[in-house]
Number of protein chains: 2
Amino acid sequence: MKNKHQKFMEEAYKEAQISLQQGGIPIGAILVRDDEIIGRGHNKRIQHGSSILHAEMDCLENAGRLRGADYKKCTIYTTLSPCNMCSGAIILYQIPQIVIGENENFKGPEQYIKDNGVELINLNLPTCKEILKNFIENNPELWNEDIGI
Amino acid sequence: MKNKHQKFMEEAYKEAQISLQQGGIPIGAILVRDDEIIGRGHNKRIQHGSSILHAEMDCLENAGRLRGADYKKCTIYTTLSPCNMCSGAIILYQIPQIVIGENENFKGPEQYIKDNGVELINLNLPTCKEILKNFIENNPELWNEDIGI
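Residues numbered from 1 in each chain as written. Chains lettered and ligands numbered in written order. Predicted model: local features only at pLDDT ≥ 70, side-chain atom pairs only at ≥ 80, totals over all residues. Heavy atoms only, no water.

Student: Can you walk me through the relation of the copies chain B and chain A in this structure?
Tutor: What relates the pair of chain copies is a rotation about an axis plus a shift along that axis. With an RMSD of 0.0 Å, the fit of chain B onto chain A corresponds to turning through 180° and sliding 0.0 Å along the axis. The superposition of one copy onto the other is thereby described by a two-fold rotation axis. Comparing contact sets, 100% of the residues at the interface of chain B also lie at the interface in chain A, consistent with an isologous, same-surface contact. (Least-squares fit on C-alpha atoms with pLDDT ≥ 70 in both. Contact = heavy atoms within 4.5 Å.)

Here's what the structure looks like:
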């Protein structure tokens, strides 16, 4: 039987699949407050020509303007370990918990996240690894652009 | 006679003024590559109902998709010390130099920025301090929202 984190991660994974279907980078994220999804998003580098709409950023943007007190009740689910930009956004808003799908294709500043009081849980899911690994193998230049290389 | 950094900071300050005229939070930023401005932006929390468009993020977004090699030739000018989100974006793209207008109204993770190899120069300008100080005094709740409090 799947636990809560696995069920919510499936929703983040659906966002990654949507992005892939659109020709985009398959990374997805959702924002959950009190067990309710209040924001969803996926990487939009290709779809919107965006340098800042990583999945987590798109998800936070789509959740709209929230009060600090609201963010402190949230968990953010993302199919991939968040980069410095997305980690910074999570720290800015003091979101207390991140659940990630994997950190093999890319590993962000996880120690810095933890040092800033954020709990990080890695579900280490083969589905999240495979969808991105295949994309990176077929689109290495796009991937490097997305992580600033 | 003004030096290069002061002249470019005036352009970032113009962006802060534009935001203020629009009823927004008066923080501005520009991205400069090889002494040419390639991106401009200002805080758009109020104007766009955005939780991620701080001045630096808006500036990076408006500069469009760049190669990693391009970011490495850039300096980002911002009227205020960048928060964790904006600092993280600068670190992600390995922008080697940040010039800030001030860090009295707010101070981001400057040591973390430096630890990641980014040079940080603080021009400590009264103009940048005053425009934001006045805004914060008149709009404390909006300001707290913008910095996640």
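Student: What is the right way to look at the pairing of strand β2 (residues 36–42) of chain A in this model?
Tutor: Along any regular strand, the residues point their side chains to alternate faces of the sheet. Residue and element names in this part refer to chain A. As paired elements, strand β1 (residues 28–33) and β2 share six bridges and run antiparallel to each other. Within the sheet, the bridge partner assigned to Ile30 lies in β2 and is Arg40. Linking two consecutive strands that pair antiparallel, namely β1 and β2, is a turn of two residues; a positive phi of about 50° is found at Asp34 within it. (Pairing = 2+ DSSP bridges. Helix = DSSP H or I, 4+ residues; strand = E, 2+ residues; numbered from the N terminus.)

Student: Explain the sheet that holds strand β1 (residues 28–33) of chain B to me, please; I cannot follow it from the model alone.
Tutor: The pairing of strands in a sheet happens through backbone hydrogen bonds and is either parallel or antiparallel. All names here are of chain B. Taking strand neighbours across the sheet as the criterion, the five strands line up as β2-β1-β3-β4-β5 in an open arrangement whose pairing is mixed. At either margin of the open sheet sits one strand with a lone partner, and together these are β2 (36–42) and β5 (119–122). Mean inter-strand twist for the sheet, computed between neighbouring axes without regard to direction, equals 15°. Those strands touched by helix α3 (residues 55–63) are β1, β2 and β3 (74–78), and its axis lies near 130° from that of β2. (Axes fitted to C-alpha atoms, helices over the stretch in contact; angles between N-to-C directions.)

Student: Just checking my understanding: could you explain the interface of chain B and chain A for this structure?
Tutor: A common way to state how big an interface is: give the accessible area lost once the parts meet. Facing the 34 residues of chain B at the interface are 34 residues of chain A. Looking only at chain B, the three residues that lose the most surface to chain A are B:Ile52, B:Arg65 and B:Leu92, adding up to 24% of its buried area. Between the two partners, chain B and chain A, sit two salt bridges. B:Glu145 is the partner of A:Arg65 in a salt bridge, and the nearest nitrogen-oxygen pair spans 2.7 Å. Our count for the chain B to chain A interface comes out at 22 residue pairs in polar contact (both at pLDDT 80 or more). (Buried area = accessible area lost by both parts, 1.4 Å probe. Salt bridge = Lys/Arg side-chain N within 4 Å of Asp/Glu carboxyl O. Polar contact = N/O pair within 3.5 Å; in protein donor to acceptor, adjacent residues only side chain to side chain.)

Student: What's the story with the UniProt feature "domain: CMP/dCMP-type deaminase" (unreviewed entry) in chain A in this structure? I'm lost.
Tutor: The positions UniProt marks with the feature "domain: CMP/dCMP-type deaminase" (unreviewed entry) are residues 3–120 of chain A. Helix and strand shares over residues 3–120 of chain A are 42% and 20% respectively, and the end C-alpha atoms of the span are 16 Å apart. (UniProt positions renumbered as here; feature names shortened; annotations may be inferred.)

Student: What should I look at first to understand the pattern of salt bridges in this one?
Tutor: When charged atoms on two side chains of opposite charge get close, those side chains can pair. Across all of its chains, the model carries 24 salt bridges over all chains by this definition. Across the salt bridge formed by B:Lys129 and B:Glu104, the nearest N and O atoms sit 2.9 Å from each other. Pair noted here: B:Lys129 is in helix α7 (residues 126–138) and B:Glu104 is in the loop between β4 (97–100) and α6 (110–115), with a separation of 25 residues, a long-range link. The class of B:Lys129 is buried, set by a relative accessible area of 17%. When salt bridges with common partners are traced through the structure, they connect A:Glu11, A:Lys14, A:Glu15 and A:Arg40 into a single cluster. (Buried < 20%, exposed > 50% of the residue type's maximum accessible area, 1.4 Å probe, protein only.)

Student: It is not clear to me how the sheet that holds β2(A) should be interpreted in this structure. Could you clarify?
Tutor: Residue and element names in this part refer to chain A. Pairing is mixed in the open sheet, where five strands are placed in the order β2-β1-β3-β4-β5. Pairing within the sheet leaves two strands with one partner each, and these edge strands are β2 and β5 (119–122). Between one strand and the next, the sheet's axes are offset by a mean angle of 15°, whatever the strand orientation. With four bridges connecting them, strand β3 (residues 74–78) and strand β4 (residues 97–100) associate as parallel partners.

Student: Looking at this structure, how should I read the packing of helix α3 (residues 55–63) of chain A against helix α5 (residues 84–92) of chain A?
Tutor: Residue and element names in this part refer to chain A. Packing of α3 against α5 brings their axes to within 8 Å, and their N-to-C directions diverge by 35°. Counting all contacts with α3, which are made through Glu56, Met57 and Leu60, the residues of α5 involved are Met85, Cys86 and Ala89. Classifying every residue of the contact of α3 with α5 by side-chain character gives five nonpolar, no polar and one charged. (Nonpolar A, V, L, I, M, F, W, Y, C, P; charged D, E, K, R; others polar.)

Student: Explanation requested: the nonpolar core in the structure shown.
Tutor: Taken as a class, soluble globular proteins show a tendency for nonpolar side chains to be buried jointly. Within the largest apolar cluster, 77 residues are counted, with the highest numbers of intra-cluster contacts made by A:Leu31 and B:Leu31. Dropping the residues within four chain positions of it, A:Leu31 is found in contact with A:Glu36, A:Ile37, A:Ile38, A:Gly39, A:Cys59, A:Leu60, A:Ala63, A:Leu66, A:Cys74, A:Thr75, A:Ile76 and A:Ile95. (Core = buried A, V, L, I, M, F, W, Y, C linked by side-chain atoms within 4.5 Å.)

Student: Help me understand the state of the cysteines in this model?
Tutor: Here a disulfide denotes a covalent bond joining the sulfur atom of one cysteine to the sulfur atom of another. Overall, the coordinates contain zero disulfides over all chains when judged by the stated rule. Of the cysteine sulfurs around A:Cys86, a residue in no disulfide, the closest is that of A:Cys83, at 3.9 Å. (Disulfide = S-S within 2.5 Å.)

Student: Explain helix α5 (residues 84–92) of chain B here, please?
Tutor: Because an α-helix packs 3.6 residues into every turn, residues spaced three or four apart end up facing the same way. Residue and element names in this part refer to chain B. Of all nine residues that make up α5, nine are buried, and the element is covered over most of its length. Among the residues of α5, those classed as buried are Asn84, Met85, Cys86, Ser87, Gly88, Ala89, Ile90, Ile91 and Leu92. Backbone geometry just after α5 places Gln94 at a positive phi near 55°.

Student: Any chance you could explain the environment of A:Leu66 here in plain terms?
Tutor: Inspection of the secondary structure assignment puts A:Leu66 in the loop between α3 and α4 (68–71). Overall, A:Leu66 belongs to the buried group, its relative accessible area being 10%. Sequence separation of A:Leu66 and A:Tyr112 is 46 residues, and the distance between their C-alpha atoms is 24 Å. In this structure, A:Leu66 is in contact with A:Leu31, A:Arg33, A:Ile38, A:Tyr71 and B:Glu145, ignoring residues within four places of it in sequence.

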